[in-house]
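Read off the chains here:
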Amino acid sequence: VHQFLSFVSQGPEASLVESLARQPIWDVILQTRNPLHWLSVAGSQLFGVSPSFALLVLSNLFLLLFLWEAFQLFNRMVTTDISTLAAIFILLWPTSYELSLGSSLPLVGFFFLMALRQALEQVWWISGLAAAAVALIDPIALAALPAFAYVFWSVQRFLTPKEWGRNLAFFLVPMAIGGLLSGGSYSIVLESLGNSALLDLISLQTGGESLISHAYMGQTLALVFLFLGATGALFSNVNPLHRFLPLLVLLAFLVCTPYNAMASRVPIAGICMEGIASASSGMASRVVSLLMVLLGAYEVYMLFGA
């Protein structure tokens, strides 16, 4: 256990939390915009545990919340059995072990999927608050504005102008505040355009190497899975909103994610897993699950055993 915690404490986020551990919580809030870091430092000071341990516990808690929110979102779109399978695909993704090692990605995924689900359910003030939480630490909230705009237009276009404007304000005001408080989410999105997976995909190379080279095989595999998921949703779902939403989320993901970070960030675009689950037969779903398990085992072996 001591060796495992020592390994976790060497991560970039754990190292940052360790450096902030002895500072007043207000100073921590001023130095980092990440709510997970705030909670980790507060938990460390309140319960007398190491900041790395607090970060580890909280990241696993948000992982459970993320999977629950993913299931709730999928259940809003498809049947319960497909929703369960899609959530399992997220959990079995080969790099999903990173989500439980003191990472902020579970928090980002939880609030991002919450924002999407609440938008589908037309609870715009909760959607706006969740999107604001994401905007504090990750540019996908702002990159996904076209996806939110599509949902808004699809479910709000028949309302009166007064209701339309009120709901738009409920979403955009907290979203804008979150972007401004982030200390640069807007600029991060603009900068990421020049280093995005989308541009690499257009040029078919990244870092001077082909996308199908051995060095980027994991990233290319991630792209294939996400594309198949978005395509599966496009042809499997009946509701036009559910058909095009995964594709728009994938586009936002590609815009704000460097190609060499795609595999680790796939769970954020986990809505695409619904398309794979919907398009998979019983045997195909078992093959996909087995493939993910084998690739995940190899990843863990290379990290801990090699």
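Parameters and conventions
Residues numbered from 1 in each chain as written. Predicted model: local features only at pLDDT ≥ 70, side-chain atom pairs only at ≥ 80, totals over all residues. Heavy atoms only, no water. Helix = DSSP H or I, 4+ residues; strand = E, 2+ residues; numbered from the N terminus. Buried < 20%, exposed > 50% of the residue type's maximum accessible area, 1.4 Å probe, protein only. Salt bridge = Lys/Arg side-chain N within 4 Å of Asp/Glu carboxyl O. Phe/Tyr/Trp six-rings, centres within 6.5 Å; stacked < 30°, edge-to-face > 60°. Axes fitted to C-alpha atoms, helices over the stretch in contact; angles between N-to-C directions. Left-handed = near helix turned anticlockwise from the far one by under 90°. Contact = heavy atoms within 4.5 Å. Nonpolar A, V, L, I, M, F, W, Y, C, P; charged D, E, K, R; others polar. Expected span 1.5 Å × (residues − 1). Polar contact = N/O pair within 3.5 Å; in protein donor to acceptor, adjacent residues only side chain to side chain.

Describing the environment of leucine 16
- Inspection of the secondary structure puts leucine 16 in helix H2 (residues 12-20).
- Given a relative accessible area of 35%, leucine 16 falls into the partly exposed group.
- In this structure, the C-alpha to C-alpha distance between leucine 16 and histidine 37, residues 21 residues apart in sequence, is 8.3 Å.

Looking at the pattern of salt bridges
- Scanning the model with the defined rule gives three salt bridges in all.
- A salt bridge links glutamate 69 to arginine 117; the nearest nitrogen and oxygen atoms lie 2.4 Å apart. Residue glutamate 69 is located in helix H5 (residues 51-77), and its partner arginine 117 is located in helix H7 (residues 105-120); the two are separated by 48 residues in the primary sequence. Judged on exposure class, the residue glutamate 69 and its partner arginine 117 are both buried.

Describing the packing of aromatic side chains
- Inspection of the entire model under this criterion finds 10 aromatic pairs.
- Both rings, one in phenylalanine 62 and one in phenylalanine 111, keep their centres 6.4 Å apart while their planes meet at 45°; by these two values the pair is tilted. With phenylalanine 62 in helix H5 and phenylalanine 111 in helix H7, this residue pair connects regions lying 49 residues apart in the sequence. Neither residue differs from the other here; phenylalanine 62 and phenylalanine 111 are each classed as buried.
- Look at tryptophan 93 and phenylalanine 225: their rings are 5.3 Å apart centre to centre, the planes differ by 80°, and that puts the pair in the edge-to-face class. A residue pair is termed long-range when its members are at least 10 positions apart, and tryptophan 93 in the loop between helix H6 (80-92) and H7 and phenylalanine 225 in helix H14 (residues 217-236) qualify at 132 residues. Taken as a pair, tryptophan 93 and phenylalanine 225 share a single burial class, namely buried.

Here we look at the environment of leucine 20
- Here leucine 20 is to be found in helix H2.
- Taking C-alpha positions, leucine 20 is 8.8 Å from proline 51, a pair spaced 31 residues apart along the chain.

Some words on the packing of H5 against H6
- As a packed pair, H5 and H6 sit with axes 8 Å apart at the nearest point and diverge in direction by 145°. In the packing of H5 onto H6, the handedness of the crossing is right-handed. Where H5 approaches H6, its residues Phe66, Leu67, Ala70, Phe71, Phe74 and Asn75 are matched on the opposing element by Thr80, Ser83, Thr84, Ala86, Ala87, Ile90 and Leu91.
- Its residues placed into classes, the contact of H5 with H6 shows nine nonpolar, four polar and no charged.

A word on unusual backbone geometry
- Positive phi is not limited to glycine here, since glutamine 122 has a value of about 65°.
- Mapped onto the fold, glutamine 122 is located in the loop between H7 and helix H8 (124-135).
- With a relative accessible area of 39%, glutamine 122 lands in the partly exposed category.

Let's talk about helix H4 (residues 35-47)
- Counted at 1.5 Å a residue, the expected span for H4 with its 13 residues is 18 Å, and the 18 Å between its end C-alpha atoms agrees.
- Of the positions making up H4, those classed as buried are Pro35, Leu36, His37, Ser40, Val41, Gly43 and Ser44.
- Each element contacted by the buried residues of H4 is listed here: H2, helix H3 (25-31), H5 and H7.
- One side-chain oxygen of the residue at the start of H4 lies 2.9 Å from the amide nitrogen of leucine 36, identifying that residue as asparagine 34.

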